[in-house]
Amino acid sequence: MPRKAATPSLADTDAAQGGVAAVDRALSLMAVFQPGDIALSLGDFAERTKLYKSTALRLLASLEHGGWVQRLDDGRYALGGEIARLNAIYAASFSLEKVVVPVLRQLVAATGESAAYHVRQGDDRLCLYRVDSPHPVRDHIRAGDLLPLTRGSGGRILTAYDPVLGFADGPDKDLYQRIRADGYFTAVGDRLTEVAGISAPVFFASGTLAAAVTLTAPAHRFDTKHLDAVLRAAKRLSKVVG
């Protein structure tokens, strides 16, 4: 009988509900590749995933057979050609709207409030996508509207993670430092007195900021319990925006 690990593996702590444990573990091996990694040793995989080396080795054999990794002459493993093939298919079919808007719709369905996806555009922020709350009383921002970069929860997120603005000396320096430490920002009346917002950062695979996902509501309906839903949406978007 296989030994039970003393500490949970990366796959065990983030297992797919109703999924297959072996698949979760194999995918966790692929997930540990980071920018700058040319190849990883068996020890690297075991350390990063918290899997036994024997388990990682068996999974790597299957991944190598499928072309997902390739074993180098020095015994280390690099990404395989199957990654490039699927990346080309993905790039040709990718539509940002098709991956962002469904997540915003789910966020609205879970909270009853309006959800938006903001990106920086020059000295402003652009509301790139927006899904309205079903409530008749709501803020009326539309996709395509330009908003202040340094006001509102979405603007605060985009500023806090900007490598220049977010680290510059100024009256809001401590605020932006706290936002980066928390990984989100909530505010009531930061841009408009009657409007509240909860925002979280969306990252590219490289780790750089892609956007801010924002939930807005009238101040009288503001509820911090929606923070978890916003954070889940941001995490999901970070996996699909590139």
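In the block above lies the structure referred to throughout.
Cut-offs and rules
Residues numbered from 1 in each chain as written. Predicted model: local features only at pLDDT ≥ 70, side-chain atom pairs only at ≥ 80, totals over all residues. Heavy atoms only, no water. Salt bridge = Lys/Arg side-chain N within 4 Å of Asp/Glu carboxyl O. Helix = DSSP H or I, 4+ residues; strand = E, 2+ residues; numbered from the N terminus. Buried < 20%, exposed > 50% of the residue type's maximum accessible area, 1.4 Å probe, protein only. Phe/Tyr/Trp six-rings, centres within 6.5 Å; stacked < 30°, edge-to-face > 60°. Lys NZ or Arg CZ within 6 Å of the ring centre and 35° of its normal.

Okay, the pattern of salt bridges next. One pass over the full model with this rule turns up 14 salt bridges. Salt-bridge contacts for arginine 76 lead to aspartate 74; the nearest nitrogen and oxygen are separated by 2.8 Å. Here aspartate 182 makes a salt bridge to arginine 178, at a shortest N to O gap of 3.7 Å. Pair noted here: aspartate 182 and arginine 178 are both in helix 8 (residues 173-182), with a separation of four residues, about one helical turn. For aspartate 182, a relative accessible area of 36% corresponds to the partly exposed category. In this structure arginine 178 comes out as partly exposed when scored by relative accessible area, which is 44%.

We now examine the packing of aromatic side chains. This structure, assessed with the given rule, holds four aromatic pairs. Considering the side-chain rings of phenylalanine 33 and phenylalanine 45, the 5.6 Å spacing of their centres and the 75° angle between planes classify their relative orientation as edge-to-face. Within this pair, whereas phenylalanine 33 is found in the loop between helix 2 (21-31) and helix 3 (42-49), its partner phenylalanine 45 is found in helix 3, the two being separated by twelve residues in sequence. Classification of phenylalanine 33 by relative accessible area gives buried; the value is 15%. Here the aromatic rings of phenylalanine 45 and tyrosine 77 are separated by 6.1 Å at their centres, their planes lie at 75°, and the arrangement is edge-to-face. Of the two residues, phenylalanine 45 is situated in helix 3 and tyrosine 77 in strand 2 (residues 77-79); the sequence distance between them amounts to 32 residues. The rings of Phe33, Phe45 and Tyr77 are connected pair by pair, giving a single aromatic cluster. Over the face of the ring belonging to phenylalanine 167 we find arginine 180, whose NZ or CZ atom lies 3.8 Å from the ring centre.

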